[in-house]
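One letter stands for each residue in the lines below.
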Amino acid sequence: MAAAPSATAALADAPLRMQAVTVRFGAATALDQVSLTLQRGETVIILGAAGSGKTVLLKTALALIHPDEGRVLLFGEDTSRMKESALFELRSRMGILFQEGGLFDSLTIEENVAYPLRNQKSLRCPDADLRTRVEEALNFVELGHTLEKVPTELSGGMRRRVGIARAVVTRPELVLYDSPTAGLDPITANNIMTLIAKERDTRGTTTALATHRYQDGHLLANYRYNANTGRLEAAPNGGQDLRTRFLVMGDGRIVFEGTQDELEASTDGYVSKFAKRLTE
Ligand SMILES: Nc1ncnc2c1ncn2[C@@H]1O[C@H](COP(=O)(O)OP(=O)(O)OP(=O)(O)O)[C@@H](O)[C@H]1O
Ligand SMILES: [Mg+2]
């Protein structure tokens, strides 16, 4: 049966569509026939063991890795047919927090956060506005006082927050967060997750989050940021309006896709391991 016209239109400009994507490194298959659609305003939580393909999936989504098979469409455009310059433009509509942080140690915090604004000409951010935009992004993560510092002067949690500021400074429509809470204490991890919910809920950003921590997904699926109180609160309708889906990756394949309830009900030995509310 044909989809209704409105559904077709929504699909056509979905921020991300991956169609039967395979990525190989030599003889090893890192992504195996992965298909995934992220509609505007959706949140997707990507769980899975170390080495299961979460990072490769996010980098392929950003067209930093090109698929050996299949297609990646960003905002309805097929990235395999685009020149690097056009891709660069398209990437300005997306932000990413890299798992390794990806901050430049030789640049100040201000220069790090300004980097995407300076380098993406399509954003046309006048020099006079740069500082304001950078301060706004750093204030968003409550690090407005660190402009002149360099990354090595900050704690791991603070560097992660600078990474978030850099990911959102361009006001992107889609933000990908790769393991933002890995290696952090529970309090700092929760602060990071609150910032991610704040970005999503104040700007309506489409969000993809790779994590090992089930509670990160639980938080985004059930809580929303209240700008008036500056706190997270339980979302109405059991969180249905937050439109959160869970994926579990295993050996480069999506071995589960569904709601939190469906994940918790899974009887699969591998999948069900990711549905436990473990604390680190
Ligand atoms: N540049 C690369 N060259 C060769 N192999 C790679 C490369 N990048 C990733 N891989 C391989 O692809 C597979 C998936 O790696 P990936 O980094 O996506 O895992 P992950 O799910 O993000 O793991 P983690 O939870 O540890 O972050 C692994 O087997 C990894 O060794
Ligand atoms: Mg990873």
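Refer to the structure above for everything that follows.
Just so it is clear, the model here is predicted, and its values are computed rather than measured.

A. Structural view of the sheet that holds strand β11 (residues 244-250). If you walk across this open sheet you meet the 6 strands as β6-β7-β8-β3-β11-β12, and the pairing is mixed. Sheet topology places β6 (94-97) and β12 (253-258) at the edges, where each strand pairs with a single neighbour. Strand-to-strand twist in this sheet, taken as the mean axis angle between neighbours without regard to direction, amounts to 15°. Direction of pairing for strand β7 (residues 174-178) relative to strand β8 (residues 206-210): parallel, over a ladder of 5 bridges. Paired with Tyr177 across the bridge in β8 is Leu209. Relative to β11, helix α8 (residues 214-222) is tilted by about 160°, and along the sheet it contacts β3 (43-48), β8 and β11.

B. Layout of α8. With 8 of 9 residues buried, α8 is to be regarded as a mostly interior element. All of the buried residues along α8 are Tyr214, Gln215, Asp216, Gly217, Leu219, Leu220, Ala221 and Asn222.

C. The coordination of the magnesium ion (ligand 2), seen in detail. Looking at the magnesium ion (ligand 2), one finds its protein donor set to be Thr55 (OG1) and Gln99 (OE1), positioned 2.0 to 2.1 Å from the metal centre. Here Gln99 lies in the loop between β6 and α4 (109-119) and Thr55 lies in helix α2 (residues 54-61), a separation of 44 residues in the sequence. For Gln99, a relative accessible area of 33% translates into the label partly exposed.

D. Inspection of the site of ligand 1 at higher detail. Every residue near ligand 1 is listed here: Phe25, Ala30, Ala49, Ala50, Gly51, Ser52, Gly53, Lys54, Thr55, Val56, Gln99 and His212. Take Lys54: an N or O atom from its side chain is 2.7 Å from an oxygen atom of ligand 1. Within the contact set of ligand 1, an oxygen atom lies 2.8 Å away from a side-chain nitrogen or oxygen of Thr55. Protein coverage of the free-state accessible area of ligand 1, which is 630 Å², stands at 57%. A per-element tally of the shell around ligand 1 places α2 first, with 3 residues. Its residues placed into classes, the shell around ligand 1 shows 5 nonpolar, 6 polar and 1 charged.

E. Broad picture of helix α6 (residues 156-168). Under the 1.5 Å per step criterion, the end-to-end length of α6 is 19 Å for 13 residues, consistent within 8% with the ideal 18 Å. Most of α6 is tucked away: 10 of the 13 residues are buried. For α6, every residue scored as buried is listed here: Gly157, Arg160, Arg161, Val162, Gly163, Ile164, Ala165, Arg166, Ala167 and Val168.

F. Region of interest: the layout of surface pockets. When its volume is computed, the largest pocket comes out at roughly 440 Å³. What lines the largest pocket is a set of 18 residues, and nearest its centre among them are Ile96, Phe98, Tyr115, Pro116 and Gln120. Every element with two or more residues in the lining of the largest pocket is listed here: α3 (84-91), β6, α4 and α6.

G. Just the packing of aromatic side chains, in detail. For the structure shown, the criterion picks out 3 aromatic pairs. Ring geometry for Phe104 versus Tyr115: centroids 4.9 Å apart, planes at 55°, classification tilted. Placement of the pair is Phe104 in the loop between β6 and α4 and Tyr115 in helix α4, with a sequence separation of 11 residues. Phe104 gets classed as partly exposed once you look at its relative accessible area, which sits at 32%. Judged by its relative accessible area of 37%, Tyr115 falls in the partly exposed class. Relative to Phe274, the ring of Tyr270 has its centre 5.1 Å away and its plane inclined at 65°; by these criteria the two rings are edge-to-face. A relative accessible area of 30% means that Tyr270 is categorised as partly exposed. A residue is classified by how much of its surface remains accessible, and Phe274, at 13% relative accessible area, is buried.

H. Region of the structure containing the pattern of salt bridges. Going through the model one piece at a time under the given rule, you end up with 18 salt bridges. Two residues, Glu173 and Arg40, come together in a salt bridge whose shortest N-O distance is 3.2 Å. Placement of the pair is Glu173 in the loop between α6 and β7 and Arg40 in the loop between β2 (28-38) and β3, with a sequence separation of 133 residues. For Glu173, a relative accessible area of 27% puts it in the partly exposed group. Taking relative accessible area as the criterion, Arg40 reaches 36% and is therefore assigned partly exposed. Counted as one network, the salt bridges with shared partners bring together Asp13, Arg40, Arg93 and Glu173.

I. Quick look at the sheet that holds strand β5 (residues 77-78). If you trace the 4 strands from one edge of the open sheet to the other, you get β2-β1-β4-β5, paired in antiparallel fashion. Every interior strand has two partners, whereas the edge strands, β2 and β5, have only one. Pairing analysis gives 5 bridges linking strand β1 (residues 16-25) to strand β4 (residues 69-74), with the strands arranged antiparallel. Each residue of the ladder has a partner; that of Leu16, found in β4, is Leu74.

Definitions and limits used
- Numbers given for residues are sequential positions, taken from 1 along each chain in its written order.
- Whichever chain is written first becomes A and whichever ligand is written first becomes 1, with later ones labelled in order.
- At least 70 in pLDDT is required for a residue's local features to be given in this predicted model, at least 80 for side-chain atom pairs to be given and counted, and no such filter applies to totals for whole chains, interfaces and linings, which use all residues.
- To obtain the side-chain values, all non-hydrogen atoms of the structure were included, while hydrogens and water were left out.
- A pair of strands counts as paired when DSSP detects no fewer than two bridges linking them.
- Runs of E in the DSSP output that reach at least two residues are strands. Runs of H or I that reach at least four are helices, and both are numbered from the N terminus.
- Every axis corresponds to a line fitted to the C-alpha atoms, with the helix fit spanning only the stretch in contact, and the corresponding angles, defined between N-to-C directions, vary from 0 to 180 degrees.
- The contact criterion used throughout is that any non-hydrogen atoms of two residues lie within 4.5 Å.
- Only protein chains enter the calculation, and the probe is 1.4 Å; a residue is then buried if its accessible area is under 20% of its type maximum, exposed if over 50%, and partly exposed in between.
- Water is not among the atoms examined, so metal sites may look incomplete; donors are the N, O and S atoms within 2.8 Å of the metal, or within 3.2 Å for Na, K and Ca.
- Definition of nearness: a residue and a molecule or strand are near each other if at least one heavy atom of the residue lies within 4 Å of the molecule or strand.
- Each polar contact in these results corresponds to two N or O atoms within 3.5 Å; when the atoms are within protein, one needs to be able to donate a hydrogen and the other to accept it, and residues that are neighboring in sequence are counted only if both atoms are side-chain atoms.
- Methods summary: accessible areas were calculated by the Shrake-Rupley approach with a probe of 1.4 Å, and residue burial reflects only the protein chains presented.
- Residue polarity follows a fixed list, in which Ala, Val, Leu, Ile, Met, Phe, Trp, Tyr, Cys and Pro are nonpolar, Asp, Glu, Lys and Arg are charged, and the others, Gly among them, are polar.
- For a helix, the expected span equals 1.5 Å multiplied by the residue count minus one.
- The rule is simple: put a 1 Å grid over the protein atoms alone, call a set of points where a 1.4 Å probe fits but cannot get out a cavity, call an open set with protein on both sides within 12 Å along at least five of seven lines a pocket, and count a residue as lining if it has an atom within 4 Å of a point.
- Grid points are joined across faces, edges and corners, and a volume is the space filled by probe spheres set on the points.
- Classification of ring pairs rests on two measures: the distance between centres of Phe, Tyr or Trp rings, Trp counted by its six-membered ring, which must be within 6.5 Å, and the angle between planes, read as stacked under 30 degrees, edge-to-face over 60 and tilted in between.
- The salt bridge criterion pairs a side-chain nitrogen of Lys or Arg with a carboxyl oxygen of Asp or Glu, the two atoms within 4 Å.

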